[in-house]
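# Structural overview for review
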Amino acid sequence: MQEIELKFLVPESRLKGLMRQTHVKSSQVMQLAAHYYDTPDQQLAQAGIGLRIRKEGDTWVQTIKAGGDGIAARLEHNAVLDNEQVQAMLDNNELMPDLAVYQDTPVAAALADFKLKKLAKTLTRLYVTDVKRTTRLLTESNEDETDNCIEMAYDQGEIIHGTDDSLRKAIQEIEFELVSGDLDFLFTTAKTWCKRYKLCLSTVTKAENGGLLINGQNHSPAVNANLSQLQIDKDSSAPAFIRAVVHNCLLQILPNSSAIVAGSIDDEHVLQVSIGLERLQAALTAFDSFSDEINPDWLPILKQTSSLLDNYYQLTHINTYIEPELQALGAPAVDWTTDIENIKITPINTLQANDFQITLLELIAFTMSDPSIEPQTDQLARDKLTKVLSKQYKKCLKTNRKADEVSVAELVSDDTNVSTNVADNDQPESDLLSQLKDLRYISEFSTPLLSKKKAKKKTKRWLKRLIKAQKALEQLNDDNQYQQFYELKSTTDANALYGAGWFAAILTDDQSHIDARLAKFADSSTFW
């Protein structure tokens, strides 16, 4: 069967209030002792599969979880085991899963790449969990006299290394699983609890946490955009297309956001959340007419979140990467520690913000909603995409011409104040960078529907030139910002003058390279 659940981390400041709501008369408390299995090199985890044997009250259950949508839904198969047999195996330290039970079940496909007999011989217990679970049913009656039902489960305990019980990882999370009824009830309930207790979405499973413990890691590596996970076909309706695109963006945003709200300070997590948010904003803006269910309130919140993350990332990137590079060139050291510490809104603050978490929940609900009930379900996405891409492409060409005109004006004008004002007010290069990024993202989303087999090389060449132009302009934008950071820093630290001067020189050298990239892009024929 398919399990649909939402998992959240619980902030310490809200724990007491939440505990009062979980420990009510109707709630049940159960001690869960689970043994998790995989090959020594964690082949199951790499395939997105979790395998465990867990004692649930007085019953031992073997569970496998696999597949799903990567966000809230997963395939799950449970098999109740014989208690006496389990106890005998435990006494002899021989407790192992029986993989034969998965033949002719929905999860068999997830194990198709494994030879089950060979896999069974290589399985080992990697870690165990010792968790106290408090559950409570939340119900609501429908007009048709059926019940919407959610199981709320609060888990508190730890994961213990399978061979070294001194290695442990704490668990403190709350889950909402749809038992029966409508998805809307699940998301409405989750939003209510999220608002009340400032909960933060997490995609990290206990199996993933166990793998991190085994590997000596606190957080999983950052997740990049993966267009191979974009599930669309040639006949996708407009509402189905935009849902698939948003889902693909969330597959990048949610794992990285989960790591940050769990305490990661890795710049790469911040960067990948930012890129995911850029892709999502581009999609919601360009494809806003593809669905009547898109909430206009999403974009301002996503934009604000992106801006706050970018401000932090720029400074930490300078401290971690740019400063060592300059020092290697002979620059005196500049200490950015105080500047970073003085940033009031850090990535964890930004992503823990209630309005952002609520927006994520609404976006997940949107991707899981039924596109076939929308008025536009009879409109094919591919019939609308050409117009969207052409509009964005023409906008880029117009802004590029405007940037060229400003550059020429700066060269011929003797009045430097006038030329500077033109650049500052219109900012054509900054606008062009933003527009090129948007064009890249919506083109990548659209190619599965518009790119013909015979024209794949043409499509690939066009995208390559677009990305090279975008990257060149992005480097100019970054260098300009770094120059401004060092220029401002030099007012309190003279050592920063080296960096300010170095980037000023770089900015002068960059232009011819950028012009060449933009010219190639402008001369390329489009793929649609």
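On a predicted model such as this, the values are computed, not experimentally measured, just so you know.

## A short note on the pairing of strand β6 (residues 124-141)
With 11 bridges joining them, strand β2 (residues 28-38) and β6 adopt antiparallel strand pairing. Paired with M30 across the bridge in β6 is R133. Of the strand pairs in this sheet, β6 and strand β7 (residues 147-161) are connected by 15 bridges, and their pairing is antiparallel. If you follow K132 over to β7, its bridge partner there is Q156.

## Focus: the pattern of salt bridges
Scanning the entire structure with this criterion turns up 19 salt bridges. Each of K7, R133, D155, E173, E175 and K206 takes part in a single network of salt bridges with overlapping partners.

## Some remarks on unusual backbone geometry
In this structure, Q42 is a non-glycine residue whose phi angle is positive, near 60 degrees. Structurally, Q42 is set in the loop between β2 and α2 (43-46). Of the residues examined, Q42 reaches a relative accessible area of 11% and is grouped as buried. Positive phi, close to 55 degrees, is recorded for N93, a residue that is not glycine.

## Description of the packing of helix α7 (residues 238-261) against helix α15 (residues 428-450)
Direction vectors running N to C along α7 and α15 enclose 135 degrees, while the axes themselves pass 11 Å from each other. Put simply, α7 runs oblique to α15. When you trace α7 past α15, the crossing you get is right-handed. Contacts from F241, V245, N248 and C249 in α7 reach F445, S446 and L449 in α15. Within the contact of α7 with α15, the residues separate by chemical class into 5 nonpolar, 2 polar and no charged.

## Quick notes on the environment of A381
Its place among the elements puts A381 in helix α13 (residues 381-412). Taking C-alpha positions, A381 is 9.0 Å from S446, a pair spaced 65 residues apart along the chain. Residue contacts for A381: discarding those within four places in its chain leaves S236, S237, A238, F241, F290 and L449.

## So, α15
If you look at α15, its biggest bend is around 35 degrees, right at E444, and the proline P448 turns up within four residues after that. Counting buried residues along α15, 17 of its 23 residues qualify, which places the element largely inside the surrounding structure.

## Observations concerning the packing of aromatic side chains
Applying the stated rule across the entire model yields 20 aromatic pairs. Look at W336 and F485: their rings are 6.5 Å apart centre to centre, the planes differ by 80 degrees, and that puts the pair in the edge-to-face class. Highlighted residues: W336 in the loop between α9 (298-328) and α10 (337-341) and F485 in helix α16 (residues 456-489), separated in sequence by 149 residues. Exposure remark for W336: the relative accessible area of 1% places this residue in the buried category. A relative accessible area of 23% means that F485 is categorised as partly exposed. Each ring, one from F527 and one from W528, has its centre 5.1 Å from the other, and the planes form 90 degrees; the classification is edge-to-face. Judged by relative accessible area, which is 8%, F527 ranks as buried. An aromatic cluster of at least three residues, connected via ring pairs, comprises W336, Y482, F485, Y486, W502 and F503. We note K489 situated over the ring of W336; from NZ or CZ to the ring centre the distance is 5.2 Å.

## Description of a positive patch on the surface
A cluster of like positive charges, contributed by K460, K464, K468 and K520, occupies part of the molecular surface. Ranked by residues supplied to the positive patch, first place goes to α16 with 3 residues. Tracing the sequence through the fold places K468 in helix α16. Residue class for K468 comes out partly exposed when judged on its relative accessible area of 36%.

## So, the confidence of the model for the protein chain
Taken as a whole, the protein chain shows an average pLDDT of 91; of its residues, 95% reach a score of 70 or greater. In the model, residues 414-426 has pLDDT below 50 throughout and makes 8 contacts with residues more than four positions away in sequence or in other chains.

## So, the pairing of strand β4 (residues 59-66)
Side-chain positions along a regular strand alternate between the two faces of the sheet. The element β4 is extensively covered by neighbouring structure, given that 7 of its 8 residues are classed as buried. Between strand β3 (residues 50-56) and β4, which pair antiparallel in sequence order, lie 2 residues; one of them, G57, sits at a positive phi of approximately 70 degrees. Where β4 lies against strand β5 (residues 73-80), 6 bridges are found, and the strand directions are antiparallel. Bridge pairing in β5 places V61 opposite V80. In this structure, the hairpin formed by β4 and β5 is closed by a connection of 6 residues, where G67 is found at a positive phi of approximately 60 degrees.

Reading the values: the criteria
Residues numbered from 1 in each chain as written. Predicted model: local features only at pLDDT ≥ 70, side-chain atom pairs only at ≥ 80, totals over all residues. Heavy atoms only, no water. Pairing = 2+ DSSP bridges. Helix = DSSP H or I, 4+ residues; strand = E, 2+ residues; numbered from the N terminus. Salt bridge = Lys/Arg side-chain N within 4 Å of Asp/Glu carboxyl O. Buried < 20%, exposed > 50% of the residue type's maximum accessible area, 1.4 Å probe, protein only. Axes fitted to C-alpha atoms, helices over the stretch in contact; angles between N-to-C directions. Parallel < 35°, antiparallel > 145°, perpendicular 65-115°, else oblique. Left-handed = near helix turned anticlockwise from the far one by under 90°. Contact = heavy atoms within 4.5 Å. Nonpolar A, V, L, I, M, F, W, Y, C, P; charged D, E, K, R; others polar. Bend = angle between axes of the 7 residues up to and from the residue. Phe/Tyr/Trp six-rings, centres within 6.5 Å; stacked < 30°, edge-to-face > 60°. Lys NZ or Arg CZ within 6 Å of the ring centre and 35° of its normal. Patch = residues over 30% accessible without salt bridge, like charges linked within 9 Å, V, L, I, M, F, W, Y side chains within 5 Å. Areas by Shrake-Rupley, 256 points an atom, 1.4 Å probe, with all protein chains shown as cover. Lys, Arg positive; Asp, Glu negative; His and termini not counted. Charge placed at Lys NZ, Arg CZ, Asp CG, Glu CD. pLDDT = per-residue confidence, 0-100.

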